[in-house]
Structure formats: structure tokens, C-alpha cells
Number of protein chains: 2
Amino acid sequence: MATPTPDNTRDRLLMQAERLFSQKGFAAVSVREITAAADTNLAAINYHFGNKMNLYLSVFQERWVPRAHGVRNFFRGYLSKKSLPQTADIVRAFATAFLEGAMSDDEMRCHINLMLRELTHPTEAVNIVVSEVIRPMHHDIREMIRPSLPENLDIEKLTLSIFSIISMILYFGFAKPVISLVMGREFDPQFKSRVIDHIVSFAMDGMNGLSKEET
Amino acid sequence: MATPTPDNTRDRLLMQAERLFSQKGFAAVSVREITAAADTNLAAINYHFGNKMNLYLSVFQERWVPRAHGVRNFFRGYLSKKSLPQTADIVRAFATAFLEGAMSDDEMRCHINLMLRELTHPTEAVNIVVSEVIRPMHHDIREMIRPSLPENLDIEKLTLSIFSIISMILYFGFAKPVISLVMGREFDPQFKSRVIDHIVSFAMDGMNGLSKEET
DNA sequence: GTCTATAGCAGGATAGAC
DNA sequence: GTCTATCCTGCTATAGAC
């Protein structure tokens with residue numbers, strides 16, 4: 001099975017809570033709904049996590065962060081096939097890790113939804129998201145790309161470009177339904193790889209500007 | 001005053017509802033909170049809108065859509081200064097309309113939050129968002145840019161590029177706090193105009209690929 | 001149109017048996 | 001660790017006075 005149901009109550013609660021929170025948001029999910037989905041009793045959340053908010057934070061600590069590390073490892077594994085990765089390889093690895101690697105569509109949607117919710121409407125969990133994942137991710141990419149670029153490069157420009165790449169990957173990840181609607185095309189594997197090609201070529205051309213001297 | 005308090009109860013409800021829904025989301029806001037903020041009684045929402053969900057939809061119809069049209073008008077006004085707008089002008093007008101034109105920071109944040117929430121967690125309101133705003137916006141931009149591009153252009157590529165531009169503008173709009181955190185820099189007007197310059201140059205270079213012949 | 005009062009129910013949390 | 005029973009608060013929605 002892709003996601004075997006844990007035999008331990010605490011883990012079942014975490015798993016179902018993550019699924020439901022990512023679909024509906026913190027406020028829209030009741031503890032009754034979670035405990036029913038996890039096939040246990042109403043008191044289980046308070047016993048294992050103290051309260052609902054603490055369960056939400058635990059979802060980030062114990063499920064979201066490890067999965068983000070999974071994406072990071074997929075990204076690194078994808079890159080390690082190349083002996084001397086060029087910038088295009090790095091961007092492709094990153095886009096691939098998010099859009100078709102590392103996990104199933106549903107899992108990715110769940111993962112991105114939780115993150116987006118925290119970015120648009122921060123709770124305490126945003127600190128985990130930024131410090132454990134977003135900041136290290138930026139650091140990784142920046143240091144990987146930097147060697148291919150001029151030494152006197154404006155670091156701020158590079159960082160803005162990385163944000164641009166992330167913005168595209170996130171948007172093409174979460175706005176799939178809208179994109180399908182506007183383009184009149186299913187988001188099937190063929191289209192997905194077309195999107196990745198687009199992101200890579202758009203980003204590579206976009207980053208050309210980094211090497212140009214500008215006053 | 002920037003946002004004069006309407007003397008009519010219905011409009012006060014719409015105004016406060018929009019503010020609160022955009023900050024916390026539909027489920028996290030209670031009708032008590034809205035009616036209190038609108039300085040009226042608990043029954044007012046049911047009287048004027050029937051129920052809470054209908055109030056939410058009315059916010060989109062009567063406040064969100066008109067404001068989106070305001071952004072569109074700002075965009076067009078900005079462009080009309082140029083007699084023959086080039087693609088760079090169009091992208092700059094679009095980014096400027098979202099990031100520093102048309103409305104205050106708070107109003108823009110409110111506007112984008114409502115939209116993002118619908119894109120990531122659609123309710124009935126997503127139909128309004130896509131059909132009234134996103135689709136027409138794509139159409140406008142596509143038809144404006146097209147004359148500067150080769151006739152045999154792959155329309156799908158152009159559409160993907162427009163999505164990329166939108167993704168950057170949205171991301172730089174909603175992830176401001178995270179960007180400030182990662183870059184260690186305030187999102188002041190100076191930085192904002194730097195961001196717009198970045199988006200324009202990244203997008204222009206990114207779209208270079210459109211003219212190139214590719215098999 | 002506006003308000004008070006309240007019905008009727010779902011929410012999170014807890015106590016205490018097993 | 002697990003469960004049932006229950007508390008009490010807060011919710012949406014409505015009835016009916018003014």
C-alpha cells in the first residue's frame with residue numbers, strides 16, 4: 001500500500017489530521033471529524049496532543065518537515081546523477097522534485113496546501129516552515145548555482161531569481177485546476193513534463209540577466 | 001478617509017465581512033464577529049443575506065469583482081500613456097497595478113488573500129474568480145502581447161509564460177513577510193520598485209524563448 | 001429595517017471507568 | 001491507552017417585538 005494505516009493511534013491521528021487540515025484548514029476541521037477518520041474516540045486527541053492546536057503543530061513537526069526533507073533528498077539524488085550540474089540541471093531537479101517526483105499527486109497537494117496556508121495566513125507553524133525548510137532550501141540552491149555565475153554577482157538579484165523559480169513551481173503546483181480550466185487541457189503526465197520544460201527554459205532565460213552587467 | 005464607513009448596514013456588513021474573511025478564512029470567522037465589527041445586531045446577516053455563505057458570495061460579487069476591475073482599469077490607464085506598448089511595458093503595468101498601484105497595501109493584501117484562498121481551497125466563489133477575472137485577464141494580456149511575437153507562435157507557450165508572470169506577481173505579493181525574512185530587508189517602496197524591476201527583467205528574458213524556433 | 005431573545009445544535013475539552 | 005458520558009461554551013439561524 002502507498003500509505004499503510006499505522007496500527008498506533010497517535011500516528012493514525014497525525015495522518016488523518018494532516019489530510020483533513022490540508023483539505024479544509026484548521027478552523028474548518030473538527031476534532032470529532034479527525035478522531036472518526038482515525039477510527040478512534042473523541043478523547044484521543046486531548047490524550048495524545050493536549051489540544052487541537054498542538055495536534056496541528058505536531059502535524060508540521062512530525063509529518064510535514066520530514067516530507068519536505070524527502071523532497072530535498074529527491075532533489076539531491078536527482079542531481080547526484082550529474083557530475084557537474086549546470087544551473088539548468090538544478091532548476092529541473094527542483095521543479096521535478098516538486099511536480100512529479102518524491103510523492104504522489106495527492107501527497108504533494110496535501111504538502112503544498114499546508115505550506116501555502118501558512119504562508120498566506122501564518123499561525124505558529126510558519127516558523128517551522130520558514131526556518132526548517134524555506135530558508136535552508138534557498139541556501140542550498142543559491143550555493144549550488146553561484147559557482148556558475150560571475151564572482152561579483154549581486155546576491156540580492158540571485159535571491160530574487162530563486163524566489164521567482166519557487167513562485168512558478170508553487171503556482172503550477174497549486175493552481176492546477178485553474179490552469180486546466182484556462183488552457184482547456186488535462187494536467188496529465190505529458191502536460192506536466194511540458195510544464196517542467198517551460199519552467200526550466202523560462203527560468204534559464206530569466207537568469208541570463210544575472211550575468212549581464214548593469215549599473 | 002481612505003475607506004469611509006458606509007452609513008448603510010448592508011454595506012458595513014460587506015466591508016467588515018470582506019476584511020475578516022480575508023484575514024481568517026470563512027470557517028474561522030463567526031457571524032457574531034462580523035456583526036459586532038459592523039456595529040449592528042446578530043440578526044442582520046440573516047436579514048440582508050439569508051445566511052453566512054451567501055454573505056461570503058456577496059463579498060465576491062459586490063466587492064471583490066469590482067475591485068479586480070479597478071486593478072484592470074489601473075493597468076489599462078498605465079498602458080494608455082504609451083502609444084505603442086511593448087511587451088516590457090505590459091508586464092511592468094501589470095506588476096505595478098498589483099504591487100504598488102490601484103490600492104493600499106492592506107486593501108491589496110485583502111484582495112489577494114481572498115483570491116488565493118479560492119484558488120487553493122475552492123468554494124462556489126471560485127467560479128466567480130475564474131470566469132469574471134482570471135480568464136478575462138489572461139485574454140487581455142495574451143492579445144496585447146501577441147502582436148509583438150511571431151505569427152506562428154505556439155499559443156500554449158505564450159499562455160504558460162503568462163501564468164509564470166502571474167505566479168511571480170502573486171508570490172511577491174502574498175509572501176512578503178517570508179521574503180523579508182529570507183532577504184533580511186524591509187518591503188519598503190524602494191525594495192518594491194526593485195522587485196518590480198526584477199519581475200519585468202526576469203519575465204522579458206524568460207519570454208525571449210518564445211521567439212526562438214524549437215522543434 | 002432593526003433589534004432582543006432564544007431555539008437548537010456542534011464545537012473543544014474533561015472526568016473517570018475500564 | 002482507550003473509551004463513554006458529559007460539561008459548557010459558542011455557533012448559526014429564526015421568531016417576533018418595535
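Up top is the structure.
On a predicted model such as this, the values are computed, not experimentally measured, just so you know.

Looking only at helices and strands, one finds 10 helices and zero strands in chain A. The order of α-helices and β-strands along chain A, N terminus first, is α-α-α-α-α-α-α-α-α-α. Counting only C-alpha atoms, chain A reaches 65 × 40 × 30 Å along its principal axes. Scored against the burial criterion, the 215 residues of chain A give a buried share of 52%. Put simply, of all contacts in chain A between residues at least 6 apart along the chain, 66% involve residues at least 24 apart. Of the roughly 9800 Å² of accessible surface on chain A, 50% is carried by carbon and sulfur atoms. Between the centroid of the 24 positive side chains of chain A and the centroid of its 25 negative side chains there is a distance of 3 Å.

The subject of this paragraph is the relation of the copies chain B and chain A. Taken as rigid bodies, chain B and chain A are interconverted by a rotation of 180° and an axial shift of 0.0 Å, the fit giving an RMSD of 0.0 Å. Classification of the inter-copy transformation places it as that of a two-fold axis. Considering only C-alpha atoms, the residue of chain B closest to the rotation axis is Gly206 of chain B, which sits at 2.2 Å. Taken as a fraction of all interface residues of chain B, those also at the interface in chain A reach 98%, which identifies the copy contact as same-surface.

Before going further, it helps to spend a moment on the protein's contact with DNA strand D. In the vicinity of DNA strand D lie 16 residues, with Thr9, Thr40 and His48 of chain A together with Val31 and Arg32 of chain B positioned nearest. The protein-proximal atoms of DNA strand D, defined as those within 4 Å of the protein, are 54% sugar or phosphate. Contact between DNA strand D and Asn41 of chain A: a phosphate oxygen at 2.9 Å from a side-chain N or O atom of the residue. Asn46 of chain B has a polar side-chain atom sitting 3.5 Å from a phosphate oxygen of DNA strand D. Grouping the constituent residues of the surface near DNA strand D by class yields seven nonpolar, seven polar and two charged.

Residues and elements named next belong to chain B. Within this structure, the stated rule accounts for nine cavities of 30 Å³ or more. By volume, the largest cavity is sized at about 180 Å³. Forming the walls of the largest cavity are 15 residues, and the residues nearest its centre are Ala68, Val71, Arg72, Val133 and Met137. Only helix H4 (52-80), helix H5 (87-99), helix H6 (105-120) and helix H7 (125-145) provide two or more residues apiece to the lining of the largest cavity. For the lining of the largest cavity, the leading source of residues is H7, giving six residues.

By nearness alone, 16 residues border DNA strand C, and Val31, Arg32 and Leu42 of chain A together with Thr40 and Asn41 of chain B come closest of all. Restricting the count to atoms of DNA strand C within 4 Å of the protein gives a sugar and phosphate share of 50%. Between a phosphate oxygen of DNA strand C and a side-chain N or O atom of Asn46 of chain A, the distance comes to 3.4 Å. In this structure, a phosphate oxygen belonging to DNA strand C sits 3.0 Å away from a side-chain N or O atom of His48 of chain B. Within the surface near DNA strand C, the residues separate by chemical class into seven nonpolar, seven polar and two charged.

Of the residues lining the interface, 49 residues belong to chain B; the matching set on chain A comes to 49 residues. Across the interface of chain B and chain A, roughly 4300 Å² is buried in total on both sides, 69% from carbon and sulfur atoms. Taken as a group, Leu160, Phe163 and Phe202 of chain B account for 16% of the area that chain B buries against chain A, more than any other trio of residues on that side. Our count for the contact surface shared by chain B and chain A stands at six salt bridges. Note that Asp154 of chain A and Arg194 of chain B form a salt bridge whose closest N and O atoms lie 2.8 Å from each other. Of all the secondary structure elements, the ones that give two or more residues to the side of chain B that touches chain A are helix H1 (9-24), H6, H7, helix H8 (155-174), helix H9 (176-183) and helix H10 (189-211) of chain B. It is H8 of chain B that contributes the most residues to the side of chain B that touches chain A, 15 residues altogether. Per-class residue counts for the side of chain B that touches chain A are 25 nonpolar, 14 polar and 10 charged.

Parameters at a glance
Along each chain, numbering runs from 1 in the same order as the chain's sequence is written. Throughout, the order in which chains and ligands are written sets their labels, letters from A for the former and numbers from 1 for the latter. At least 70 in pLDDT is required for a residue's local features to be given in this predicted model, at least 80 for side-chain atom pairs to be given and counted, and no such filter applies to totals for whole chains, interfaces and linings, which use all residues. For the side-chain quantities, the full set of heavy atoms in the structure was used; hydrogens and water were omitted. Only DSSP runs of H or I with at least four residues qualify as helices, and only runs of E with at least two residues qualify as strands; both kinds are numbered from the N terminus onward. Using a 1.4 Å probe on the protein chains alone, a residue whose accessible area is under 20% of its type maximum counts as buried, one over 50% counts as exposed, and one in between counts as partly exposed. Contacts are assigned to residue pairs that have any heavy atoms within 4.5 Å of one another. Using a 1.4 Å probe, the Shrake-Rupley method yields the accessible areas, and only the shown protein chains count as cover for residues. Within this scheme the basic residues Lys and Arg register as positive and the acidic residues Asp and Glu register as negative, but His and the chain ends are omitted. Lys charges are placed at NZ, Arg charges at CZ, Asp charges at CG and Glu charges at CD. Least squares is used to superpose the copies, and the fit set is the C-alpha atoms of residues whose pLDDT is at least 70 in both copies. The nearness test applies per residue and asks whether one of its heavy atoms lies within 4 Å of the molecule or strand. In the analysis that follows, any N or O atom pair within 3.5 Å is treated as a polar contact, provided that within protein one partner can donate a hydrogen and the other can accept it, and provided that, for residues neighboring in sequence, both atoms belong to side chains. Three classes are used: nonpolar for Ala, Val, Leu, Ile, Met, Phe, Trp, Tyr, Cys and Pro, charged for Asp, Glu, Lys and Arg, and polar for all others, with Gly counted as polar. A 1.4 Å probe that fits into a set of points on a 1 Å grid over the protein atoms alone but cannot get out defines a cavity; an open set with protein on both sides within 12 Å along at least five of seven lines defines a pocket, and lining residues are those with an atom within 4 Å of a point. Grid points are joined across faces, edges and corners, and a volume is the space filled by probe spheres set on the points. Each of two parts loses accessible area, computed with a 1.4 Å probe, when they are put together; buried area is these two losses added. Whenever a carboxyl oxygen of Asp or Glu lies within 4 Å of a side-chain nitrogen of Lys or Arg, that contact is scored as a salt bridge.

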